[in-house]
Amino acid sequence: MSETTLPETTPLKTGKVDAVIVGAGFAGMYMLHRLRGLGLAAVVFEQGTDVGGTWYWNRYPGARCDVESMQYSYSFSPELQQDWHWSERFSAQPEILRYAQHVADRLELRRDIRFETKVTRASFDEATNLWAVETDRGDQVTARYCIMATGCLSSARLPDIAGLDSFQGATYHTGHWPHEGVDLAGKRVAVIGTGSSAIQAIPVIARQAAHLTVFQRTPNFSIPSRNAPMDAEYEGWWKSDYEAHRAKARMMRTGILYGLNEKSALEVTPAERLAEYEARWAKGGTAFMAAFSDLITNREANDTAAEFVREKIRGLVKDPAVAEILAPQGYPIGTKRICVDTEYFETFNRANVTLVDVRDAPIEAITPTGVRTRHGETAVDAIVFATGFDAMTGALTRVDLRGRDGLGLAEKWAEGPRTYLGLMTAGFPNLFMITGPGSPSVLSNMIVSIEQHVDWLADCIAHLRARGLETIEATREAEEEWVAHVNEVADRTLYPAANSWYMGANIPGKPRVFMPYIGGVGAYREKCTEIAAQGYTGFRLKAGSQAAVAAE
Ligand code: NAP
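Rules used in this analysis
- Residues numbered from 1 in each chain as written.
- Predicted model: local features only at pLDDT ≥ 70, side-chain atom pairs only at ≥ 80, totals over all residues.
- Heavy atoms only, no water.
- Near = heavy atom within 4 Å.
- Polar contact = N/O pair within 3.5 Å; in protein donor to acceptor, adjacent residues only side chain to side chain.
- Areas by Shrake-Rupley, 256 points an atom, 1.4 Å probe, with all protein chains shown as cover.
- Helix = DSSP H or I, 4+ residues; strand = E, 2+ residues; numbered from the N terminus.
- Nonpolar A, V, L, I, M, F, W, Y, C, P; charged D, E, K, R; others polar.
- Domains from an automatic or database assignment.
- pLDDT = per-residue confidence, 0-100.
- Contact = heavy atoms within 4.5 Å.
- Salt bridge = Lys/Arg side-chain N within 4 Å of Asp/Glu carboxyl O.
- Expected span 1.5 Å × (residues − 1).
- Buried < 20%, exposed > 50% of the residue type's maximum accessible area, 1.4 Å probe, protein only.
- Arc of directions from axis to C-beta.

Here's the deal with the site of the ligand
And then number 1: The environment of the ligand is formed by 24 residues, the closest being T194, S197, R217, T218 and W501.
And then number 2: S196 places a polar main-chain atom, nitrogen or oxygen, 3.0 Å from an oxygen atom of the ligand.
And then number 3: Contact between the ligand and Q200: a nitrogen atom at 3.0 Å from a side-chain N or O atom of the residue.
And then number 4: Across the complex, the protein chains shield 88% of the 910 Å² of accessible surface that the ligand would expose by itself.
And then number 5: Considering each element in turn, the shell around the ligand owes the most residues, three residues, to helix 5 (residues 196–208).
And then number 6: Looking at the shell around the ligand residue by residue, the classes come out as nine nonpolar, nine polar and six charged.
And then number 7: When residues of the shell around the ligand are assigned to domains, at least three map to each of domain 1 (14–155 + 391–542) and domain 2 (164–385).

Side note on the confidence of the model for the chain
And then number 1: Model confidence for the chain is summarised by a mean pLDDT of 95, while 96% of its residues fall at 70 or above.
And then number 2: Ignoring residues within four places in sequence, the model shows residues 1–8, a span with pLDDT below 50, making 13 contacts including any to other chains.
And then number 3: Segment residues 546–552: pLDDT under 50, and 20 contacts once partners within four positions in sequence are set aside and those in other chains are kept.

Section: the pattern of salt bridges
And then number 1: A complete count under the given rule lists 33 salt bridges for this structure.
And then number 2: Across the pair D66 and R337 runs a salt bridge, and its minimum N-O distance is 2.6 Å. Remark: R337 occurs in the loop between helix 10 (320–326) and strand 11 (339–341) and D66 occurs in the loop between helix 2 (54–57) and helix 3 (78–83); sequence separation between them is 271 residues.
And then number 3: Here D112 ties to R111 by a salt bridge, and the two come within 3.9 Å at their closest N and O atoms.
And then number 4: Residues joined in a network through salt bridges with shared partners are E307, R310, E311, R314 and E324.

Some remarks on helix 14 (residues 446–466)
And then number 1: Spanning 21 residues, helix 14 covers 30 Å between terminal C-alpha atoms, matching the ideal 30 Å at 1.5 Å per step.
And then number 2: Within helix 14, 16 of the 21 residues are buried, which leaves the element mostly enclosed by the surrounding structure.
And then number 3: One or two steps after helix 14, the chain reaches G468, where phi turns positive at roughly 65°.

Re helix 8 (residues 270–283)
And then number 1: A rise of 1.5 Å per residue sets the reference length of helix 8, with its 14 residues, at 20 Å; its end C-alpha atoms lie 20 Å apart and thus fit the reference within 8%.
And then number 2: Buried within helix 8 are the following residues: R273, Y277, R280 and W281. One face of helix 8 carries all of its buried residues, which in axial projection span an arc of 105°. Exposed side chains of helix 8 directed beyond 90 degrees from the buried face belong to A271 and K283.
And then number 3: The secondary structure elements touched by the buried residues of helix 8 are strand 10 (222–224) and helix 9 (299–316).
And then number 4: Of the residues trailing helix 8, G284 is marked for its positive phi of about 85°.

Set out below in structure tokens:
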């Protein structure tokens, strides 16, 4: 279904539902489906005009998933996964959005989704144990459960650069790309940033623009995708036993089925090591980081992979000075999210592309006509901000969420997010997060993690209802322990060594805390399952009378 044929959104205005779900991306869509299956009345509020979440907003040129198509899809419906055909090894944004739209049609989800509606505030009423949810369209809805399916990378961020508003040309953010498309043909374009989004957009923009100037502060490691049309044999292999393959993927560290080499990079000969890296480089994709078991825990091992990629960059980029600027130094490979590209480094060999290193000479201002550093001004017609997101917490804290005693979530998380399992936060009964901070989320195949959280939540809600319980809430003790565990596991890795958005380091003033859980999708799943099986250890479950009826 195309957006233009969408039914008119009818605001709810007032009413009572069992559950409010915030966001109609892959998490919100599946949550709605599961809650309907339990017989609950649920409504989804979504800011966009259609479903798709990340894939609805991030329409920049070259946007593509870096998890293989056969794995980046729902697994809950055997029919759906058999019927759907992906055209490429790694799907591009339009195809993933079509998939989301297809699922919405197939499950008739849209009738319970209120589009173009932003949730502004949700507060817990201790007298009734209900959430009061307000939207920017004037809805005032009460709900037993409030489920934040708001995504980890959905709060787009513009840097605080002087003169931003003075620019007379066009400005775009990759995370809010205009739906009607953008014609950059013949234009002088600036791209600010060189993260995953920029690395995908730059080669495409370079082919369109008269001239492209890339402003790079921190270079990134990137692996070629080797994207190709879907191989029929490979698709057949997946579909021949999808259930079994999915079951294995769910227990992998990243929720992705790929060959993890159990050996240390330091236990093999240099020739064997090189052969492993070469094979993975030739195959393409993020599985490069699974070349050895200790790349993310041992700096010496990591250095071997980092240097391999730097050498590749030196080989791909003709001008040695440009190659050195593009070759990442000073942080371990993989500790900022590894990028996957199609001819990114080669793009800097083009005559119409200029790289500006702003590490030592930051962008001082956007002027009416361009971008200025202390070395001078670059005149441009358009600026593309590929400057990322207020990751993991931004989409949650920008809603005025109020728990017990009016406690605000933003206030509670002032020193960094605090959750139990990334599912709930103490003081906010019946407020659930899907792939929240403290869960594997962004370190995993998001759809695998989304399905795990949604299934866990649906089972949890069914448990509460079957026993006549009104609320579930994480205890402070369980939260303390989980936060300590998340940090302890992160500290065993090299991740904290990089100034990444995982650490909140991309937002001035944001606390430096490693936000996702790096203990692995499989281990985390087992933990969640065990906690539920033991009667929700670490949660306080209460009947309407407020009496605690289940173990902590
Ligand atoms: P990002 O990784 O946070 O990159 C933002 C870029 O903007 C960085 O290079 C950053 O430099 C730069 N920047 C920010 N402020 C700046 C300033 N004032 N001056 C100069 N440069 C500035 O954001 P993203 O590329 O949108 O990616 C975010 C995440 O989304 C990814 O890590 C990934 O998880 C996900 N994603 C995935 C895919 C995929 O599946 N293929 C594609 C796109 C995005 P510094 O590094 O120096 O801060």
